[in-house]
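# Architecture at a glance
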Amino acid sequence: MRCPYCQEYESRVIDSRASEDGGTIRRRRECTACKRRFTTYERLEERPLLVIKKGGNREQFNREKLLNGISKACEKRPVSMEDIETVVADIERELRDSFDREVSSKVIGEKIMDRLQSLDEVAYVRFASVYRQFGDLNSFIKTIEQLKNK
């Protein structure tokens, strides 16, 4: 593992801990050259999952895209990064358990919407405005009314 500070390849592991779900190992490392410490995460390499986009093209599932989209929706909201990570991990696990090789981007979007609705209503509306591509104010108001009625 390369040191993020001095780019040295040699480091030693100081501490290792498994995550709560057992899917990730967190390692504290110390660079042998500069003696600075950094953290790495080790995850099992999953079988490839392809996402079928709206236009029909396919791309490999990217956990970071999921994390970034949810993080943007939750920006400046009282939602912890831990909560966001949990949502991302849960959605990814559901997708990998339910779909063998391919999943529609629509399925992913709906799963995100379901989780955001219970996590933070403002984040839900923010995500919905991008995901559902509101064309006018009435579509936006309709979504907010549906949220209020639930």
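Structure: above.
Since the model is a prediction, treat every value here as computed from it, not as a measurement. (Residues numbered from 1 in each chain as written. Predicted model: local features only at pLDDT ≥ 70, side-chain atom pairs only at ≥ 80, totals over all residues. Heavy atoms only, no water.)

A tally of regular secondary structure across the chain gives five helices and six strands. From first element to last, N terminus to C terminus, the chain shows the α and β order β-β-β-β-β-α-α-β-α-α-α. Computed over C-alpha atoms, the radius of gyration of the chain comes to 19 Å, more than 25% over the 15 Å expected from 2.2 N^0.38 for 150 residues, which places it beyond the range of a compact globule. Principal-axis analysis of the C-alpha atoms places the extent of the chain at approximately 60 × 35 × 25 Å. Sequence separation of 24 or more characterises 41% of the internal contacts of the chain that already satisfy a separation of 6 or more. Taken as a whole, the chain presents about 10300 Å² of accessible surface, with 46% of it coming from carbon and sulfur. Averaging the locations of the 31 positively and 27 negatively charged side chains of the chain gives two centres separated by 3 Å. (Helix = DSSP H or I, 4+ residues; strand = E, 2+ residues; numbered from the N terminus. Rg over C-alpha atoms; globule rule 2.2 N^0.38 Å. Contact = heavy atoms within 4.5 Å. Areas by Shrake-Rupley, 256 points an atom, 1.4 Å probe, with all protein chains shown as cover. Lys, Arg positive; Asp, Glu negative; His and termini not counted. Charge placed at Lys NZ, Arg CZ, Asp CG, Glu CD.)

What follows concerns the packing of aromatic side chains. In this structure the tally under the stated criterion is zero aromatic pairs. Against the face of Y5 rests R36, its NZ or CZ located 3.8 Å from the ring centre. (Phe/Tyr/Trp six-rings, centres within 6.5 Å; stacked < 30°, edge-to-face > 60°. Lys NZ or Arg CZ within 6 Å of the ring centre and 35° of its normal.)

Turning to the nonpolar core, a few remarks are in order. Ranked by size, the top nonpolar core spans 25 residues in total, and within it L66, I70, I108, I112 and L116 carry the most contacts. For this core, the secondary-structure elements that each account for two or more residues are α1 (63-73), α2 (81-98), α3 (105-119) and α4 (121-131). Among all residues touching I108, those that are not within four sequence positions of it are V51, F61, L66, L95 and V103. (Core = buried A, V, L, I, M, F, W, Y, C linked by side-chain atoms within 4.5 Å. Buried < 20%, exposed > 50% of the residue type's maximum accessible area, 1.4 Å probe, protein only.)

A few words on the sheet that holds strand β5 (residues 58-60). The strand order across the open sheet built from three strands is β5-β4-β6, with neighbouring strands paired in mixed fashion. The open sheet has two free edges, formed respectively by β5 and β6 (102-104), since each of these has just one partner strand. Across the sheet, the mean angle from the axis of one strand to that of its neighbour is 35°, orientation sign disregarded. Pairing of strand β4 (residues 50-52) with β5 involves three bridges; the strand directions are antiparallel. When the sheet's bridge partners are listed, I52 is paired in β5 with R58. Against the sheet, α3 touches β4 and β6, its axis set at about 65° to β6. (Pairing = 2+ DSSP bridges. Axes fitted to C-alpha atoms, helices over the stretch in contact; angles between N-to-C directions.)

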